[in-house]
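Here are the chains, one letter per residue:
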There are 2 protein chains.
Amino acid sequence: MTTRPLDTFDKSIIRALQRDASLSQRDLAEKVGLSQNACWRRLTRLREEGVIMGQTIRVNMQALGQGLTVYAMVRTRHHSLAWLEKFRKSVLAIENVVDFYRIAGDYDYMIKIVARDMNDFDRVYQKLIGDNELETVTSYIAMEAIANGRDIPA
Amino acid sequence: MTTRPLDTFDKSIIRALQRDASLSQRDLAEKVGLSQNACWRRLTRLREEGVIMGQTIRVNMQALGQGLTVYAMVRTRHHSLAWLEKFRKSVLAIENVVDFYRIAGDYDYMIKIVARDMNDFDRVYQKLIGDNELETVTSYIAMEAIANGRDIPA
DNA sequence: AGTGAAACCGCACTTTG
DNA sequence: CAAAGTGCGGTTTCACT
């Protein structure tokens with residue numbers, strides 16, 4: 001992973017686009033204080049370098065009918081490479097899995113799941129524990145999303 | 001929150017744009033199987049209704065120098081409305097906080113934090129426990145991001 | 001600063017429930 | 001009848017040279 005240090009302009013571009021990626025080149029250039037041309041060249045470069053990896057929309061999960069968020073903390077029973085590989089594949093195959101981290105601490109993995117409702121979550125949960133021999137799964141049901149997917153500091 | 005049921009076309013539009021929001025109207029329309037005009041009208045409507053809430057870029061956190069992710073599980077000591085309100089404000093004021101959920105279970109809140117490194121995280125941690133009287137904070141350090149911010153099922 | 005392309009949006013139908 | 005689709009075309013705005 002190449003890691004060219006980003007200067008103030010680059011960071012400023014990234015901050016502006018995280019907030020609103022629909023900005024036109026003209027508005028972006030103005031906002032960061034560069035000429036359109038210079039700004040465009042930097043943007044192109046940031047994309048090429050993989051600093052900017054793509055563009056998505058922010059969606060209203062309630063409106064999409066995916067109003068339930070659950071964090072599942074998992075302790076595994078097996079630790080062979082083959083088993084772990086199979087476990088990962090199995091988890092990633094579930095489209096309800098939004099985040100998936102290997103962590104340090106009392107648990108081995110942290111899985112963020114979105115679902116339509118409790119029934120739907122239970123389906124995911126059963127699949128999770130049915131397909132993999134796990135030591136423990138502790139689920140934390142989200143009661144309220146106070147903040148979700150805020151911008152990465154830049 | 002009004003929740004008009006979304007039909008197959010709406011969902012298809014949302015799926016396509018979550019994957020790549022830089023799609024042109026022509027390509028989007030073609031992908032979902034609508035005329036450009038109809039597709040544009042639906043898109044405008046989805047935005048107006050707040051189903052699509054905006055547009056962001058996906059960034060490479062390593063390249064941005066924010067390579068550390070930590071989940072902090074918090075149990076609070078106070079439960080008065082005023083205290084909770086102050087607590088929320090205090091947490092949201094920290095730009096390193098990416099997600100912030102009120103949860104059910106052994107803990108009250110789940111805070112996802114990104115930081116440059118352990119030193120930087122410790123700064124955030126000290127601020128968190130310094131500004132608020134908390135019962136417990138348990139931190140899970142992410143060792144590896146296997147998946148991060150995958151698309152919401154639609 | 002120029003150019004080709006894309007977004008935007010009204011209009012006149014047609015289609016479907 | 002109402003709601004949503006299609007295709008056309010002109011103006012404005014944008015990306016990129």
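So, how was this worked out
- Residues numbered from 1 in each chain as written.
- Chains lettered and ligands numbered in written order.
- Predicted model: local features only at pLDDT ≥ 70, side-chain atom pairs only at ≥ 80, totals over all residues.
- Heavy atoms only, no water.
- Near = heavy atom within 4 Å.
- Polar contact = N/O pair within 3.5 Å; in protein donor to acceptor, adjacent residues only side chain to side chain.
- Salt bridge = Lys/Arg side-chain N within 4 Å of Asp/Glu carboxyl O.
- Buried < 20%, exposed > 50% of the residue type's maximum accessible area, 1.4 Å probe, protein only.
- Pairing = 2+ DSSP bridges.
- Helix = DSSP H or I, 4+ residues; strand = E, 2+ residues; numbered from the N terminus.
- Axes fitted to C-alpha atoms, helices over the stretch in contact; angles between N-to-C directions.
- Contact = heavy atoms within 4.5 Å.
- Domains from an automatic or database assignment.
- Least-squares fit on C-alpha atoms with pLDDT ≥ 70 in both.

### Some points on the protein's contact with DNA strand C
Residues and elements named next belong to chain B.
Right, so step 1: As a matter of local geometry, DNA strand C sits amid Ser24, Gln25, Arg26, Asn37 and Trp40.
Right, so step 2: Considering the 4 Å shell around the protein, atoms of DNA strand C inside it are sugar or phosphate in 81% of instances.
Right, so step 3: Measuring from a phosphate oxygen of DNA strand C, one finds a backbone N or O atom of Gln25 at 2.6 Å.
Right, so step 4: Between DNA strand C and the protein, one listed contact pairs a base oxygen with a side-chain N or O atom of Asn37 at 2.7 Å.

### Observations regarding the pattern of salt bridges
Any two side chains of opposite charge can pair, on the condition that their charged atoms come close.
Right, so step 1: Inspection of the entire model under this criterion finds 26 salt bridges over all chains.
Right, so step 2: In this structure, Arg45 of chain A and Glu49 of chain A form a salt bridge, with 3.2 Å as the shortest nitrogen-oxygen distance.
Right, so step 3: A salt bridge links Asp10 of chain B to Arg4 of chain B; the shortest N-O distance between them is 3.2 Å.
Right, so step 4: Overall, the relative accessible area of 2% leaves Asp10 of chain B in the buried class.
Right, so step 5: Through salt bridges that share partners, Arg4, Asp7, Asp10, Arg42, Arg45 and Glu49 of chain A make up one connected network.

### Structural notes on the sheet that holds strand 2 (residues 68–76) of chain B
Right, so step 1: Pairing is antiparallel in the closed barrel, where 8 strands are placed in the order 2(A)-4(A)-3(A)-5(B)-2(B)-4(B)-3(B)-5(A). Shown here is a sheet whose adjacent strand axes are inclined to one another by a mean of 35 degrees, direction ignored.
Right, so step 2: Direction of pairing for strand 2 (residues 68–76) of chain A relative to strand 4 (residues 109–115) of chain A: antiparallel, over a ladder of 7 bridges. Looking at strand 4 of chain A, one finds that Tyr71 of chain A is bridged to Lys112 of chain A.
Right, so step 3: Here helix 4 (residues 81–92) of chain A sits on the sheet in contact with strand 2, strand 3 (97–104), strand 4 and strand 5 (134–147) of chain A together with strand 5 (134–147) of chain B, set at roughly 150 degrees to strand 3 of chain A.
Right, so step 4: Where helix 4 (residues 81–92) of chain B meets the sheet, it contacts strand 5 of chain A together with strand 2, strand 3 (97–104), strand 4 (109–115) and strand 5 of chain B, and its direction lies at approximately 150 degrees from that of strand 3 of chain B.

### Concerning the domain arrangement of chain A
Right, so step 1: For chain A, the domain assignment lists domain 1 (8–48) and domain 2 (62–142).
Right, so step 2: Relative placement of domain 1 of chain A and domain 2 of chain A: their C-alpha centres are 37 Å apart.

### Some remarks on the relation of the copies chain A and chain B
Right, so step 1: In screw terms, the move from chain A to chain B is a rotation of 180 degrees and a rise of 0.0 Å along the axis, fitting with an RMSD of 0.1 Å. In the structure described here, the two chain copies are related by an operation that fits a two-fold rotation axis. Closest to the rotation axis within chain A is the C-alpha of Thr56 of chain A, separated from it by 2.8 Å.

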